[in-house]
Amino acid sequence: MELELTNRILKNREYQRVLSQLREMEADRVFCRHDIQHFLDVARLAVILCNDWGVSCDRDIVYAAALLHDIGRVQEMQCGIPHDIAGQAVADVILSDISCPDDAKKQIISLIASHRSAAPKKSQLEQVFCEADKRSRSCYCCAAQAMCNWSEDKKNLDIEV
Ligand SMILES: [Fe+2]
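It should be emphasised that the depicted structure is a prediction, and the values quoted were computed from it without experimental measurement.

Here is what the cut-offs are and how they apply
- Residues numbered from 1 in each chain as written.
- Predicted model: local features only at pLDDT ≥ 70, side-chain atom pairs only at ≥ 80, totals over all residues.
- Helix = DSSP H or I, 4+ residues; strand = E, 2+ residues; numbered from the N terminus.
- Rg over C-alpha atoms; globule rule 2.2 N^0.38 Å.
- Buried ≥ 20, exposed ≤ 12 C-beta atoms within 10 Å, placed from the backbone.
- Contact = placed C-beta atoms within 7 Å.
- Expected span 1.5 Å × (residues − 1).
- Arc of directions from axis to C-beta.
- Core = buried A, V, L, I, M, F, W, Y, C linked by C-beta atoms within 7 Å.

S.K.: What is the right way to read the overall build of the chain from this model?
M.R.: Scanning the chain from N- to C-terminus turns up eight helices and zero strands. Computed over C-alpha atoms, the radius of gyration of the chain comes to 15 Å, within 12% of the 15 Å expected from 2.2 N^0.38 for 161 residues, which places it in the range of a compact globule. A principal-axis box enclosing the C-alpha atoms of the chain has dimensions of 45 × 40 × 30 Å. The buried share of the chain, taken over its 161 residues, is 32%. Of the contacts made within the chain by residues no fewer than 6 positions apart, 57% connect residues no fewer than 24 positions apart.

Encoded structure:
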């Protein structure tokens, strides 16, 4: 299967537990949610951007990182730890649990660590992944757009690839 690691993560009990905890915590959230739809939007956009920008990628690594990149939101909401930091430890546990090879684990955690706009990015893939995360948000039809803390120049006000 092409997306072997991705599907092992999806079926992992701890991953499903964190995902449902996140779903409950964000049930009344008016701003963008961090759910499976967002994760798949990021994965698919990242693959499209890799093609457009001529960046090579392993799609299983990209999809796996997309599934895991925001799971640290639970700790961020509970104790204020930035989710790109908290998510690395949660991902490490899940990736060990699914017997992810060390090299793949390193790449996935590195994408989680660098996915926010301000984080330093080392590789082209990390830049693509961060851009995909940003572009995945449909600000142009968001009811909470006026209350959102994203600056006007950061908001996606037109549909782009
Ligand atoms: Fe995200």
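S.K.: What's the story with the environment of H38 in this structure? I'm lost.
M.R.: Within the secondary structure, H38 sits in helix α3 (residues 36-53). Judged by the 17 C-beta atoms lying within 10 Å of it, H38 falls in the partly exposed class. A sequence separation of 92 residues divides H38 from C130, and the C-alpha atoms of the two residues are 13 Å apart. Beyond its immediate stretch of four places on either side in the chain, H38 contacts R33 and S136.

S.K.: I tried to follow helix α2 (residues 13-25) on my own but got confused; where do I start?
M.R.: Think of an α-helix as 3.6 residues a turn; residues three or four steps apart then line up on the same face. In this model, α2 (13 residues) spans 18 Å end to end at C-alpha, consistent with the 18 Å of a helix rising 1.5 Å per residue. For α2, the full list of buried residues reads Y15, V18 and L22. Along the axis of α2, the buried positions cluster into a sector of 70 degrees, meaning they face one direction only. Away from its buried face by more than 90 degrees, α2 exposes R13, Q16, R17, S20 and E24. Those residues of α2 that are buried lie in contact with α1 (4-10), α5 (73-79) and α6 (83-97).

S.K.: What is the right way to read the nonpolar core from this model?
M.R.: In globular proteins that are soluble, nonpolar side chains generally tend to be buried together. Core analysis: the biggest nonpolar cluster contains 37 residues, and A46, A64, A65, A66, L68 and I108 have the highest contact counts within it. Of all elements in the fold, only α1, α2, α3, α4 (59-68), α6, α7 (102-113) and α8 (124-135) reach the threshold of two or more residues within this core. Considering each element in turn, this core owes the most residues, eight residues, to α4.

S.K.: Please explain the environment of A143 as it appears in this structure.
M.R.: Relative to the elements of secondary structure, A143 occurs in the segment after α8. Judged by the 8 C-beta atoms lying within 10 Å of it, A143 is exposed. Linking A143 and E26, residues 117 residues apart in sequence, is a C-alpha distance of 16 Å.

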